[in-house]
Amino acid sequence: MTLVTVRYVAGADLDSICRTSSAVVPQDAAASAAFFRSAVNCSKLTSNGGIIRAKTRSRSTPSATGEHHRGRAVGDDVSVEYVSRVPGPPLDGLIGDLYYLEGAPPYSRLMLPAAPAPLLIVNLGAPFLIRAGADVEAVEYADGCAVTTPTRAWEFGYPTPTRSVGVHFMPWGLAPFLPMPAAELCDRPATVEQIWGRPAVAELRRRLTLADAPHEMLMLLEEELVRRLRAINGLDIVRHMSSAIAETGGAVPISDVGGAAHASSTYLAKRFKEIIGVTPKRLARSYRFTATVLAINVAAPIDWGDVAAAAGYFDQAHFVHEFREFTGLTPTRYVEVRRRFLREHPDHALDGWPLPAD
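Along each chain, the written sequence defines residue order, and numbers are assigned to residues from 1. The predicted origin of the model limits local features to residues at a pLDDT of at least 70 and limits the giving and counting of side-chain atom pairs to 80 or more, whereas totals for whole chains, interfaces and linings rest on all residues. Based on all heavy atoms of the structure, the side-chain values leave hydrogens and waters out of the count.

### Focus on the sheet that holds strand β13 (residues 355-356)
- Taken in spatial order, the five strands of this open sheet run β9-β8-β11-β6-β13, and their pairing is antiparallel. The open sheet has two free edges, formed respectively by β9 (139-141) and β13, since each of these has just one partner strand. Two strands form a pair only when DSSP identifies at least two bridges running between them. Put simply, DSSP H or I for four residues or longer makes a helix, DSSP E for two residues or longer makes a strand, and each gets a number counted from the N terminus.

Below is the structure:
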């Protein structure tokens, strides 16, 4: 197991913390949640399904068990505390990490572009709001939520302060914990009660609230997930194909991947929608867009034609259309909003993927 703590401190230099940290995250621990890309400040898209964080910590030291505990913060104004735990078997092939989050968000509303990033949140604070698309009303979630791979940007409204535990899944990883096909939750987040039932969720939240420290909370959450793990028909083939798609950043022809799997396109599309929530082609589009956006340096001049060509888009118009679909913004507007985040909250632990929506 690996346990790492990240604390964002106003004015702290996370780049230097990242360089000096001795914490190491295994290469197979792909954190699928694009929420906290810069809780590390050095993230990358990986072949096994998401965003791996070379996680940082503020003056923590390893214990005799190899776990990294929280150290003294640099200064007094700690805005966000983020503790991450990489699970062991049998969850390691499904989950990037489990996390604890507490503190004040940089903005009350954050917009998250669509990414291959299923997520489960067990809320321990005040209710939060989710707006799953520009054309729908925000919905309140008191106990938490389950989010499968989205096809469009969604908006997350944080309470202040916020407190929760959650799970960053690989694209195929949430399905073994759902009572329904993943496609039923595509762009329609469910409450935790809807997937696990009110009594069970109430008891889990009670136990989490009574835990003495974040690492104990994450151990409780991991035990709950192990207990709920169930076999899923077609999981292995979907995992294999998804990994092949991710290895190329979504550039591999789906026909090539499907042919290697020796299965019909109809069967594969059905399995993908049941397990991931989208088809193989849609997943590939999501990987390609995510990899393209993560590679953009918004602090430097950008030639959008070159960006589109390097990512393999047919032309710039196609790229702009894709950009609008996944973020709800034009490329130019995206850069403006991203630069606003960097300007108003330099080196913040949540910078990297979410955008201010207020």
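Next comes the rest of the description.
### Considerations on the packing of aromatic side chains
- For this analysis, a ring pair means two rings from Phe, Tyr or Trp (six-membered ring only for Trp) whose centres lie within 6.5 Å, classed as stacked if their planes differ by under 30 degrees, edge-to-face if by over 60, and tilted for the remaining angles. Using the criterion set out here, one finds 14 aromatic pairs in the structure.
- An angle of 80 degrees between the planes, with centres 5.5 Å apart, marks the rings of Phe319 and Phe323 as edge-to-face. Remark: Phe323 and Phe319 occur in helix α10 (residues 316-327); sequence separation between them is four residues, near one turn of the helix.
- Residue Phe323 is classed as buried on the basis of its relative accessible area, which comes to 0%.
- One aromatic cluster in this structure is built from Phe289, Trp304, Tyr313, Phe319, Phe323, Phe326 and Tyr334.
- Only lysine NZ and arginine CZ atoms are considered, and such an atom sits over a ring when it is within 6 Å of the ring centre and within 35 degrees of the ring normal. The ring of Phe341 carries the charged tip of Arg338 above its face, separated from the ring centre by 6.0 Å. Accessibility here uses a 1.4 Å probe with only protein chains present; expressed as a share of the type maximum, an area under 20% marks a residue as buried, one over 50% as exposed, and anything in between as partly exposed.

### Here we look at unusual backbone geometry
- Residue Pro90 is reached from Pro89 by a cis peptide bond, and omega for that bond is 5 degrees.
- Its place among the elements puts Pro90 in the loop between β4 (78-86) and β5 (95-103).
- Looking along the chain, the bond that leaves Thr160 and enters Pro161 is cis, with omega of 0 degrees.
- Its location among the elements puts Pro161 in the loop between β11 (154-157) and β12 (162-169).
- With phi around 60 degrees, Asp187 is a residue other than glycine that occupies positive phi space.
- Within the secondary structure, Asp187 is located in the loop between β12 and α2 (192-196).
- Note on Asp187: relative accessible area 17%, which makes it buried.

### Observations concerning the pairing of β5
- Counting buried positions over the nine residues of β5 gives eight, a clear majority of the element.
- Inspection of the sheet shows β5 paired to β12 by eight bridges, in the antiparallel sense. Opposite Leu98, over in β12, you have Val167 as the bridge partner.

### Digging into helix α7 (residues 265-275)
- Taken together, the buried positions of α7 are occupied by Leu268, Arg271, Phe272 and Ile275. Here the buried residues of α7 occupy an arc of 100 degrees about the axis, which is enough to place them on one side.
- When checking whether two residues touch, look at their non-hydrogen atoms; a contact exists if any pair is within 4.5 Å. Tucked inside the fold, the buried residues of α7 contact α5 (235-247), α6 (254-261) and α8 (280-294).
- Within two residues after α7, Gly277 carries a phi angle of roughly 110 degrees, on the positive side. As used here, the arc belongs to the directions running from the helix axis to the C-beta atoms.

All we've got here are geometric facts, nothing functional implied.
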